[in-house]
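For reference, the chains in residue letters:
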Amino acid sequence: MKSFDIRTKIYFGENALDRLTDLPYKKAFIITDPFVAKSGMLQMVTLRLNDGYTEFEIFSDIVPDPPIEKITVGVKAMLAYDPDVVITIGGGSAIDSAKAIREFAVRATQKDVALIAIPTTSGTGSEVTSFAVVTDPSKDVKYPLVSESMLPTEAILDADLVKSVPANVTADTGMDVLTHAIEAYVSINNNEFSAALAEKAIEICGTFLLRSYLDNNDTHARRKMHVASCLAGLAFNSASLGLNHGVAHALGGKFHIPHGRANAMLLPHIIEYNSGINKHSKSQKEYPKCVEKYVNVAKLLGVNNFNEITTIRALVGWIQFMMKEMNIPISISQLGGIDREEYFDAIDSMAEKAMADACTATNPRVPTKQDVVTILEHLYE
Ligand SMILES: [Fe+2]
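From a predicted model like this one, the values you see are computed outputs, not experimental measurements.

Caption draft 1: Here's a closer look at the overall build of the protein chain. The helix and strand tally for the protein chain stands at 14 helices and 8 strands. Here the protein chain has a C-alpha radius of gyration of 20 Å; the compact-globule value for 381 residues is 21 Å, and the two agree. With 381 residues in all, the protein chain has 51% of them scored as buried. Counted over contacts in the protein chain with a minimum sequence separation of 6, partners at least 24 positions apart contribute 77%.

Caption draft 2: Region of the structure containing the packing of helix 5 (residues 167-186) against helix 6 (residues 192-214). The N-to-C vectors of helix 5 and helix 6 enclose an angle of 160°; their axes lie 9 Å apart at closest approach. Our classification of the angle between helix 5 and helix 6 gives roughly antiparallel. In the crossing of helix 5 with helix 6, the sense of the turn from one axis to the other is left-handed. Here Ala 167, Thr 170, Ala 171, Gly 174, Val 177, Leu 178, Ala 181, Ile 182, Ala 184 and Tyr 185 of helix 5 come into contact with helix 6, specifically with Ser 194, Ala 195, Ala 198, Ala 201, Ile 202, Cys 205, Leu 209, Ser 212 and Tyr 213. Of the residues in the contact of helix 5 with helix 6, the class split is 15 nonpolar, 4 polar and no charged.

Caption draft 3: Quick look at the environment of Leu 197. One can find Leu 197 in helix 6. For the pair Leu 197 and Ser 126, spaced 71 residues apart in the sequence, the C-alpha separation amounts to 15 Å. Beyond its immediate chain neighbours, meaning those up to four positions away, Leu 197 contacts Leu 231, Leu 234 and Ala 235.

Caption draft 4: Expanded view of the packing of helix 9 (residues 259-275) against helix 10 (residues 290-300). Close contact between helix 9 and helix 10 brings their axes to 9 Å; oriented N to C, the two are set at 140°. Comparing their axes, helix 10 and helix 9 come out oblique. Contacts from Ile 271, Asn 274 and Ser 275 of helix 9 reach helix 10 at Cys 290, Val 291 and Tyr 294. Looking at the contact of helix 9 with helix 10 residue by residue, the class counts come to 4 nonpolar, 2 polar and no charged.

Caption draft 5: The arrangement of the pairing of strand 4 (residues 85-90) in detail. A large share of strand 4 lies buried, amounting to 6 of its 6 residues. Taking every second residue as pointing to the same face, both faces of strand 4 are buried, with Val 85, Ile 87 and Ile 89 on one and Val 86, Thr 88 and Gly 90 on the other. Note: strand 4 against strand 5 (residues 114-119), 6 bridges, orientation parallel. Bridging from a neighbouring strand, Val 85 pairs with Ala 114 of strand 5.

Caption draft 6: Spotlight on the domain arrangement of the protein chain. Domain assignment breaks the protein chain into domain 1 (9-164) and domain 2 (168-380). Placing a centre on the C-alpha atoms of domain 1 and another on those of domain 2 gives a separation of 27 Å. Each partner contributes to the interface: domain 1 provides 27 residues, whereas domain 2 provides 31 residues. Ranked by residues supplied to the side of domain 1 that touches domain 2, first place goes to strand 7 (residues 141-146) with 4 residues.

Caption draft 7: Main features of unusual backbone geometry. Phi at Gln 110 is positive, roughly 65°, even though this residue is not glycine. Inspection of the secondary structure assignment puts Gln 110 in the loop between helix 4 (92-109) and strand 5. The backbone of Ser 240 sits at a positive phi, close to 70°, despite the residue not being glycine. With respect to the helices and strands, the residue Ser 240 is situated in the loop between helix 7 (219-239) and helix 8 (243-255). The buried category is assigned to Ser 240, around which 24 C-beta atoms lie within 10 Å.

Caption draft 8: Representation of the environment of Ala 351 in the model. Positionally, Ala 351 belongs in helix 13 (residues 340-356). Residue Ala 351 is classed as buried on the basis of its C-beta count, with 24 C-beta atoms lying within 10 Å. Residues Ala 351 and Lys 369, 18 residues apart in the sequence, show an inter-C-alpha distance of 6.0 Å.

Caption draft 9: Seen up close, the nonpolar core. Of all hydrophobic cores here, the largest spans 116 residues; its most connected members are Ala 181, Ala 201 and Ala 235. No other element matches the 11 residues that helix 7 contributes to this core. Three or more residues apiece are contributed to this core by two domains, here domain 1 (9-164) and domain 2 (168-380). Among residues more than four places away in sequence, those in contact with Ala 181 are Ala 198, Ala 201, Ile 202, Cys 205, Ala 232 and Ala 235.

Cut-off values and rules
- Residues numbered from 1 in each chain as written.
- Predicted model: local features only at pLDDT ≥ 70, side-chain atom pairs only at ≥ 80, totals over all residues.
- Helix = DSSP H or I, 4+ residues; strand = E, 2+ residues; numbered from the N terminus.
- Rg over C-alpha atoms; globule rule 2.2 N^0.38 Å.
- Buried ≥ 20, exposed ≤ 12 C-beta atoms within 10 Å, placed from the backbone.
- Contact = placed C-beta atoms within 7 Å.
- Axes fitted to C-alpha atoms, helices over the stretch in contact; angles between N-to-C directions.
- Parallel < 35°, antiparallel > 145°, perpendicular 65-115°, else oblique.
- Left-handed = near helix turned anticlockwise from the far one by under 90°.
- Nonpolar A, V, L, I, M, F, W, Y, C, P; charged D, E, K, R; others polar.
- Pairing = 2+ DSSP bridges.
- Domains from an automatic or database assignment.
- Core = buried A, V, L, I, M, F, W, Y, C linked by C-beta atoms within 7 Å.

Written out as structure tokens, the structure reads:
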């Protein structure tokens with residue numbers, strides 16, 4: 001038996017932030033990062049709260065790749081303030097931190113506290129998922145926490161908040177959206193509902209990702225990518241992800257590569273691995289099942305070729321073209337800043353962590369540790 005639901009109420013479109021002037025809550029604990037706190041974006045939230053006479057306290061001590069210690073500090077601050085709603089505004093790190101902070105605080109007090117997530121990047125889809133990724137810096141590892149009780153009560157998608165996102169962040173987070181949608185689409189847990197959401201997200205990425213990268217003022221493209229991020233989040237919340245994210249978590253935990261960038265760099269390798277297109281001895285009848293799905297992905301992106309394998313090769317080429325256009329490095333050596341010897345020394349432990357990552361379990365092809373080692377070796381050059 002399977003089930004599907006969307007528990008998070010989603011506000012989107014023009015002036016979506018105005019939802020905040022009409023909240024049924026009186027005491028808000030706002031969780032954000034220092035950048036958002038100093039920008040005008042936080043004010044866009046607090047002014048609306050004041051209008052609706054909601055008192056608030058701000059916790060802005062959030063850092064990228066949120067470490068467990070910061071979550072503990074946040075839990076203490078939240079328990080001291082005792083809010084009836086947590087409002088989080090920021091990128092994936094802020095929203096994931098807020099989900100974890102609220103979860104642990106609620107478990108301690110058993111008090112029902114709502115969660116409103118307001119993303120300021122179009123990437124993680126965290127505003128509609130029951131996942132939160134936290135980091136244990138002592139072990140160089142990222143842990144995906146998963147609990148339905150972490151699902152935000154409401155998500156507010158207001159494209160005004162993504163207007164000033166720098167181009168490189170648009171590129172990385174946009175490729176994260178595409179990776180979410182593709183991994184959900186080929187996941188062994190995929191279903192008709194998740195597939196419909198993933199297909200729409202892929203289609204939007206194909207048309208609007210490059211547009212939003214090239215022109216900050218292309219409001220239409222940015223609004224579309226903001227919705228695509230949420231659609232892909234809904235898709236993977238149901239179908240889960242795959243090896244791409246499993247390896248990206250291990251790589252990001254060790255070398256602190258931005259999450260979306262790590263995913264983008266891995267995506268061509270993972271598609272080649274999952275579809276087995278480098279195994280020339282296979283006859284067409286022996287193609288893995290996911291080949292058909294990758295062909296659908298290619299077609300949604302406007303890529304087509306003579307047969308399944310050449311179409312998937314063209315899909316990999318399209319992804320590499322996008323990375324080149326958006327200045328995303330295609331290899332670790334091109335990324336720079338990582339010592340070759342240190343990287344190769346870390347491959348074994350990264351492969352082990354990727355194998356143990358919860359995302360890897362739903363990959364369409366069951367990898368061996370050696371498979372992951374080979375992928376990480378190929379990623380260097
Ligand atoms: Fe991701």
